[in-house]
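Tertiary structure, described
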Amino acid sequence: MSSIDKEQYKVHKEPYYQAQGNEVTLYEAAYRNRLPVMVKGPTGCGKSRFVEYMAWKLGKPLITVACNEDMTASDLVGRYLLEANGTRWLDGPLTTAARIGAICYLDEIVEARQDTTVVIHPLTDHRRVLPLDKKGELIEAHPDFQLVISYNPGYQSLMKDLKQSTKQRFTGFDFDYPDAELETTILARETGLDEAAASQLVKIAHTARNLKGHGLDEGISTRLLVYAATLIKDGVEPRDACRMALVRPITDDADIRETLDHAIDATFA
Amino acid sequence: MSATETEYQHPLMKAYWAQLDTGFKPIGDVFEDVMAEALAILSREGIDAYLEAARVIGKLGRGVEPMLAFMEEWPSAAKAIGEETLPEVMALIQRMQKSPNGKAIAPFLETLAPVARKLHSQRQMGHYLNIALDFMERTTGSIHGHHTTFPSPGLPDFFAQAPFLLGQVSLSGLRNWVDYGVANYRSHPERQKDYFSLQSADSRAVLQRERHGTLFMDVERKLDLYLRGLWRVTEQLVPYSTAFDEIRQPVPYYDKLGMRIPDVYDDAGAITGLDRYRATLAHMVGHRRWTEALIADNWSPFQRMAVEFFEDCRIETLLSREYPGLKRVFLALHPKPVEGACDEETTSCLRYRMAMLSRALLDPAHGYADADLLEYVRRFNELMAEGTSNTADIATLALSYVTRTRRQSDQLAKVHFADTVVDYRDDNRQMWRFIEESDDEEMFEKEKKRTDSEEIKGLPPRHYPEWDYRSQTYRPDWASVYEALHPKGNPADIDKLLLKHGALAKRLKRILDLLKPQDKVRIRYQEEGSELDLDVALRSLIDFKGGATPDPRINMSHRTDGRDISVMLLLDLSESLNEKAAGSDQTILELSQEAVSLLAWAVEQLGDPFAIAGFHSNTRHDVRYLHVKGYGERWGDDAKARLAAMQAGWSTRMGAAMRHAAHYLEARPADKKLMLILTDGQPSDVDVQDEQLLIEDTRQAVKELDQKGIFTYCISLDPKADEYVSTIFGRQYTVIDNIQRLPERLPELFMALTK
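So, how was this worked out
Residues numbered from 1 in each chain as written. Chains lettered and ligands numbered in written order. Predicted model: local features only at pLDDT ≥ 70, side-chain atom pairs only at ≥ 80, totals over all residues. Helix = DSSP H or I, 4+ residues; strand = E, 2+ residues; numbered from the N terminus. Buried ≥ 20, exposed ≤ 12 C-beta atoms within 10 Å, placed from the backbone. Contact = placed C-beta atoms within 7 Å. Nonpolar A, V, L, I, M, F, W, Y, C, P; charged D, E, K, R; others polar. pLDDT = per-residue confidence, 0-100. Pairing = 2+ DSSP bridges. Axes fitted to C-alpha atoms, helices over the stretch in contact; angles between N-to-C directions. Expected span 1.5 Å × (residues − 1). Bend = angle between axes of the 7 residues up to and from the residue. Core = buried A, V, L, I, M, F, W, Y, C linked by C-beta atoms within 7 Å. Parallel < 35°, antiparallel > 145°, perpendicular 65-115°, else oblique. Left-handed = near helix turned anticlockwise from the far one by under 90°.

The next subject is the overall build of chain A. Looking only at helices and strands, one finds 12 helices and nine strands in chain A. Per-residue burial for chain A yields a buried fraction of 38% across its 269 residues. For chain A, the proportion of contacts with a sequence separation of at least 24, taken over those separated by at least 6, is 70%.

Pasting the structure below:
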């Protein structure tokens with residue numbers, strides 16, 4: 001089992017991450033004590049980037065699982081596969097992480113069905129073990145292993161909330177879109193767009209975020225801003241880039257679309 | 001001097017006068033003036049036709065007014081629409097003369113010129129004449145079998161209003177407005193007059209609907225989003241009417257109660273009505289953000305005006321800093337006074353100078369050369385370059401500008417107004433604080449009248465439109481719906497009813513258990529399914545390799561089994577429910593109560609959100625909507641008590657009740673929305689003679705609900721319902737002939753519908 005190549009999970013190049021507060025120090029403290037971490041926040045605000053950055057900073061391998069509704073417990077833990085002369089056990093990503101001492105990041109965990117998420121429970125408390133009932137093995141988690149989950153509390157329905165018994169096993173970070181100045185810096189750093197244009201994009205994003213709850217489920221995310229900035233950098237006319245990257249993806253509501261289009265026209269004189 | 005003795009010096013005038021062949025003195029008085037105008041505008045043949053037409057009108061026997069009106073109006077009308085239109089105009093006059101509507105000739109001719117100026121072309125005029133003719137023929141009355149004896153009551157008023165109407169609506173809008181009035185008030189002479197003289201409320205409402213431009217009500221949500229999104233302001237927007245205040249056009253303003261803006265904006269050049277609204281709102285937002293109130297008492301009106309102009313420019317400069325794109329809109333809407341357009345000797349030019357300065361402050365490419373103006377533009381820009389500045393500093397600058405540029409002529413009464421109105425700016429009333437209310441010495445403490453405000457009973461009415469199938473239009477705000485909680489009775493009565501149907505309830509329970517929601521389930525062990533169940537597949541394969549018989553059921557599939565239905569049960573509580581059901585000693589009302597309580601019990605078992613309401617109506621002004629059970633309520637004693645107290649009375653205005661119920665159902669988050677309507681007869685009301693009208697309206701309501709994603713289903717207890725119920729509900733209905741079986745049938749029906 002030690003044949004797993006740890007290196008492939010390592011983050012080799014420093015990802016660009018701009019801290020919004022003291023989250024980096026806090027995460028380091030949580031990791032020192034191997035506490036499970038939950039990262040909450042609206043879509044595209046930098047949750048995954050943060051985890052990636054922390055993995056790089058701590059120099060630990062990172063195994064990311066994008067959760068979905070069809071995912072079963074076997075997809076996380078592992079299953080038997082057939083070979084020519086018998087069966088072979090294949091570790092799932094969670095098992096691998098526990099063996100090699102990686103940070104296991106379950107992205108958008110609420111998308112997975114609730115019975116699936118229960119398998120992480122024994123790993124998240126003082127036991128730090130993962131029982132593989134099908135295989136009849138009990139894995140002691142590697143000392144470096146840590147579990148991180150993320151979810152977006154904004155748009156999920158009641159059906160898609162985490163169980164209390166799951167929630168109460170984690171320490172939590174609440175993320176939100178950075179303030180205007182910081183977001184401008186992030187945008188400029190990430191895409192190389194000049195600050196003036198970046199601040200105009202951020203302004204449009206704020207227009208949309210003000211409309212959240214009035215016909216918009218989510219405002220324009222930092223990720224979409226990065227898309228828009230990338231398009232502008234590529235020579236696309238800023239108005240067109242904004243319409244394409246910022247407005248069209250987030251709404252089908254004609255009134256809101258028109259208001260945001262107007263905001264774009266008003267921002268770019 | 002009698003007219004026949006008039007001696008005209010010029011032989012030509014003499015000939016014209018002879019051609020006119022009239023004895024009316026007032027004509028003689030104005031003859032020379034109108035002829036001078038006519039000669040300047042009309043051709044030779046035109047003059048002949050003009051005089052001939054005037055002669056004919058003079059001989060109609062309608063007195064001098066029609067002729068005088070024609071003589072005075074025609075030349076300028078002809079200028080606008082061409083003199084070839086005369087035969088058409090004369091044809092209409094002849095028609096009016098031959099009908100009992102001769103009295104309308106004078107109002108028609110009196111407004112001919114203003115109407116012509118609004119219409120521009122002969123073709124358009126032809127349409128207008130057709131509308132008038134059509135109107136006349138449809139409203140000239142034969143009441144009680146008399147033959148064309150009564151003149152059209154609304155026609156003179158219509159002609160009198162025509163120029164105003166055409167200022168507001170296009171010709172097709174005018175036609176719709178006329179059609180609506182004719183269709184609804186043909187048989188009410190007095191109300192017809194009210195309608196066509198624009199006195200009645202619905203006349204104005206229909207006109208509003210037909211107006212050109214961007215209507216506030218159409219863009220309200222966009223403006224709301226605009227304020228919220230771009231400016232983070234949530235403010236009540238209150239429209240004021242611009243249609244009925246011709247002399248003093250109201251100006252936007254804001255106060256504690258909200259921002260007041262016009263109910264309609266026409267496009268201004270390249271700027272759309274919507275952008276004009278946005279500019280107006282942005283300006284007010286700017287004031288709210290940056291303007292501090294000043295004490296006005298010591299300043300003259302001129303000084304205040306100057307301060308307002310400067311402050312407005314400061315606000316707009318700051319707004320454009322926030323959103324540079326706004327500048328384009330402001331500049332397009334801001335007038336551009338031409339330098340030198342105002343004569344300082346004879347006219348008060350202060351307004352004009354301020355408007356020019358205002359333009360220059362906003363528009364770097366203003367191109368004005370006035371030295372003072374340029375200096376103040378520079379000083380203003382210097383001030384603004386330092387930051388946001390403030391109202392007090394700007395006021396100081398404004399005052400010094402007024403002092404510098406003061407002219408003696410500023411005091412003159414004749415004010416230069418052209419190009420000085422900036423119509424997106426508000427009236428700045430929030431900028432001024434008055435310490436003394438007035439300079440008058442005789443000021444008394446205002447006696448505060450104590451009005452005993454009447455205790456409001458229930459909610460204010462909600463208004464719903466009604467569909468008029470004859471004109472294929474909605475009558476705006478036609479039915480008033482008053483809603484209230486149903487009074488309570490004794491809940492034990494309902495429990496007794498449920499007990500009585502114990503056996504039935506048991507039977508229903510079995511069906512209910514099958515219907516209970518089980519959410520999305522994964523079905524494993526399927527031979528055929530949507531995907532491979534990997535774990536089972538492996539096990540099978542291992543069995544196979546091991547020599548045992550493998551299990552072929554290696555697929556799985558998913559089945560959604562969640563119920564997400566919101567139900568609204570709407571009960572017709574009209575008088576006819578008090579009748580005994582055929583072959584039973586119970587009234588239909590009692591049977592309905594039983595049925596509804598069973599249904600409510602069944603739905604409660606299923607856990608679907610469920611509301612019950614009853615309705616009846618007493619004319620369109622009083623449609624009552626009574627809540628029996630709300631969505632948030634349990635099927636408990638409160639709801640049962642209300643159901644127990646149910647009483648029947650009055651009529652069935654179903655469309656309005658359905659629209660009201662729909663607005664509750666629409667707000668439910670459920671996937672499926674079901675509205676059940678339990679009724680015992682066709683829609684009808686005492687103020688509607690035409691049976692078909694409310695049937696068609698209800699049918700229209702069903703269509704509207706369908707568009708909102710609400711499924712309507714009618715349970716009719718009227719054995720004769722077949723005649724109309726399918727017209728209204730299509731195939732979504734059941735007629736229950738044997739009313740005694742209603743308690744059994746209703747829950748069954750519901751379950752069948754939602755299975």
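We now examine the overall build of chain B. Of regular secondary structure, chain B possesses 28 helices and 18 strands. In chain B, 73% of the contacts between residues at least 6 apart in sequence involve partners at least 24 apart.

Attention now moves to the interface of chain A and chain B. Contact with chain A, which involves 21 residues of that partner, is made by 20 residues of chain B. When residues of the side of chain A that touches chain B are traced back to their parent elements, those giving at least two are strand E3 (78-83), helix H9 (195-210) and helix H12 (254-267) of chain A. Taken together, the residues of the side of chain A that touches chain B sort by class into nine nonpolar, eight polar and four charged.

Residues and elements named next belong to chain B. Averaged over chain B, the pLDDT score is 84; the fraction of residues at 70 or greater is 92%. At the level of individual helices and strands, chain B shows its lowest average pLDDT in helix H21 (residues 502-515), which scores 71, and its highest in helix H14 (residues 273-290), which scores 93. A low-confidence stretch, residues 1-5 (pLDDT under 50), is modelled with seven contacts involving residues beyond four sequence positions or located in other chains. Scoring the predicted complex yields pTM 0.63 and, for the interface, ipTM 0.77.

All right, on to helix H12 (residues 201-210) of chain B then. Buried residues of H12 of chain B: Ser203, Val206, Leu207 and Gln208 of chain B, and no others. Packing partners of the buried residues in H12 of chain B comprise helix H9 (155-168), helix H10 (171-185), helix H11 (189-196) and strand E9 (473-485) of chain B.

Take the sheet that holds strand E2 (residues 62-66) of chain A next. All names here are of chain A. Pairing in this open sheet of five strands is parallel, and the strands run E2-E5-E8-E1-E9 from one edge to the other. Of all the strands in the sheet, just E2 and strand E9 (171-174) have a single pairing partner and so form its edges. Neighbouring strand axes in the sheet, compared pairwise and without regard to direction, differ in orientation by 20 degrees on average. The pairing of E2 with strand E5 (residues 103-107) spans five bridges and is classified as parallel. Within the sheet, the bridge partner assigned to Ile63 lies in E5 and is Cys104. Strands E2 and E5 of the sheet are contacted by helix H4 (residues 93-100), whose axis makes an angle of about 165 degrees with E2.

To continue, consider helix H4 (residues 64-81) of chain B. Along an α-helix, residues three or four apart share an orientation, since each turn contains 3.6 residues. Residue and element names in this part refer to chain B. With 18 residues, H4 ought to run about 26 Å at 1.5 Å a step, and its terminal C-alpha atoms sit 25 Å apart, in line with that. Residue Trp74 marks the point of greatest curvature in H4, where the axis turns by about 40 degrees; the proline Pro75 follows within four residues. Among the 18 residues of H4, 14 are classified as buried, and the element is accordingly described as predominantly covered. One or two residues past the end of H4 sits Gly82, with phi positive at roughly 95 degrees.

All names here are of chain B. Counting residues in each nonpolar core, the largest one holds 69 residues, and the members touching the most others are Leu569, Leu570, Leu599, Met675 and Leu676. Per-element accounting of this core gives the leading share, 10 residues, to helix H23 (residues 588-606). With sequence-adjacent residues up to four places away left out, Leu599 is seen in contact with Leu569, Leu746, Pro747 and Phe750. Ranked by size, the runner-up nonpolar core spans 57 residues in total, among them Leu20, Ala78, Leu166 and Trp177.

Our focus in this paragraph is the environment of Met556 of chain B. Residue and element names in this part refer to chain B. Residue position: Met556 is located in strand E12 (residues 555-559). The exposure class assigned to Met556 is partly exposed, which follows from the 19 C-beta atoms found within 10 Å. For the pair Met556 and Asp533, spaced 23 residues apart in the sequence, the C-alpha separation amounts to 5.6 Å. The residues contacting Met556, other than those within four sequence positions of it, are Arg522, Ile523, Arg524, Gln526, Gly529, Glu531 and Asp533.

Attention now goes to the sheet that holds strand E15 (residues 623-629) of chain B. Residue and element names in this part refer to chain B. Sheet architecture is open: eight strands sit in the order E8-E9-E15-E14-E13-E16-E17-E18, paired in mixed fashion. Only two strands of the sheet have a single neighbouring strand rather than two, namely strand E8 (462-468) and strand E18 (733-735). When the angles between neighbouring strand axes are averaged without regard to direction, this sheet yields 25 degrees. When strand E16 (residues 672-679) meets strand E17 (residues 710-716), the two strands line up parallel, connected through seven bridges. Within E17, the residue paired with Ile677 across the bridge is Cys714. This element, H23, spans strand E13 (565-572), strand E14 (610-617), E15 and E16 of the sheet and lies at about 170 degrees to E13.

Looking at the secondary structure, you find Ala484 of chain B in strand E9. Measuring from C-alpha to C-alpha, the distance between Ala484 of chain B and Tyr625 of chain B comes to 6.5 Å, with 141 residues separating the pair along the chain.

Residue and element names in this part refer to chain B. Closest axis-to-axis distance for the helix H15 (residues 301-322)/helix H17 (residues 350-362) pair is 10 Å, and the angle between their directions is 15 degrees. As far as their axial angle goes, H17 and H15 are roughly parallel. Crossing hand, H15 versus H17: right-handed. For the pair H15 and H17, the contacting residues are Phe302, Met305, Ala306, Phe309, Asp312, Cys313 and Glu316 in the first and Leu350, Met354, Leu357, Ser358, Leu361 and Leu362 in the second. Grouping the amino acids of the contact of H15 with H17 by side-chain chemistry returns 10 nonpolar, one polar and two charged.

Attention now goes to the pairing of strand E4 (residues 258-262) of chain B. Residues and elements named next belong to chain B. Among the five residues that make up E4, four are buried, leaving the element largely enclosed by the rest of the structure. Where strand E2 (residues 237-240) meets E4, four bridges bridge the pair, whose relative direction is parallel. Residue pairing across strands places Leu237 opposite Met259, the latter belonging to E4. The pairing of strand E3 (residues 253-255) with E4 spans three bridges and is antiparallel. Counterpart to Asp255 in the pairing with E4 is Gly258. The antiparallel hairpin formed by E3 and E4 contains two residues in its connecting segment.

Residues and elements named next belong to chain B. Here Arg745 is to be found in helix H28 (residues 742-754). A residue is classified by how many C-beta atoms lie within 10 Å of it, and Arg745, with 19 of them, is partly exposed. The spatial distance from the C-alpha of Arg745 to the C-alpha of Ala595 is 8.0 Å, given a sequence separation of 150 residues.

Residues and elements named next belong to chain B. In contact at an axis separation of 8 Å, H15 and helix H19 (residues 391-405) are set at 130 degrees when each is read in the N-to-C sense. The pairing of H15 with H19 is recorded here as oblique in orientation. Handedness of the H15/H19 crossing: right-handed. For the pair formed by H15 and H19, the contact residues are Phe302, Gln303, Ala306, Val307, Phe310, Glu311 and Arg314 on the first element and Thr391, Ile394, Ala395, Leu397, Ala398, Leu399, Tyr401 and Val402 on the second. For the contact of H15 with H19, the per-class residue count stands at 11 nonpolar, two polar and two charged.

Turning next to unusual backbone geometry. Residues and elements named next belong to chain B. The backbone of Leu198 sits at a positive phi, close to 60 degrees, despite the residue not being glycine. Following the sequence through the fold, Leu198 ends up in the loop between H11 and H12. The phi dihedral of Ser389 falls on the positive side, at around 55 degrees, and the residue is not glycine. Note on placement: Ser389 falls in the loop between helix H18 (371-385) and H19.

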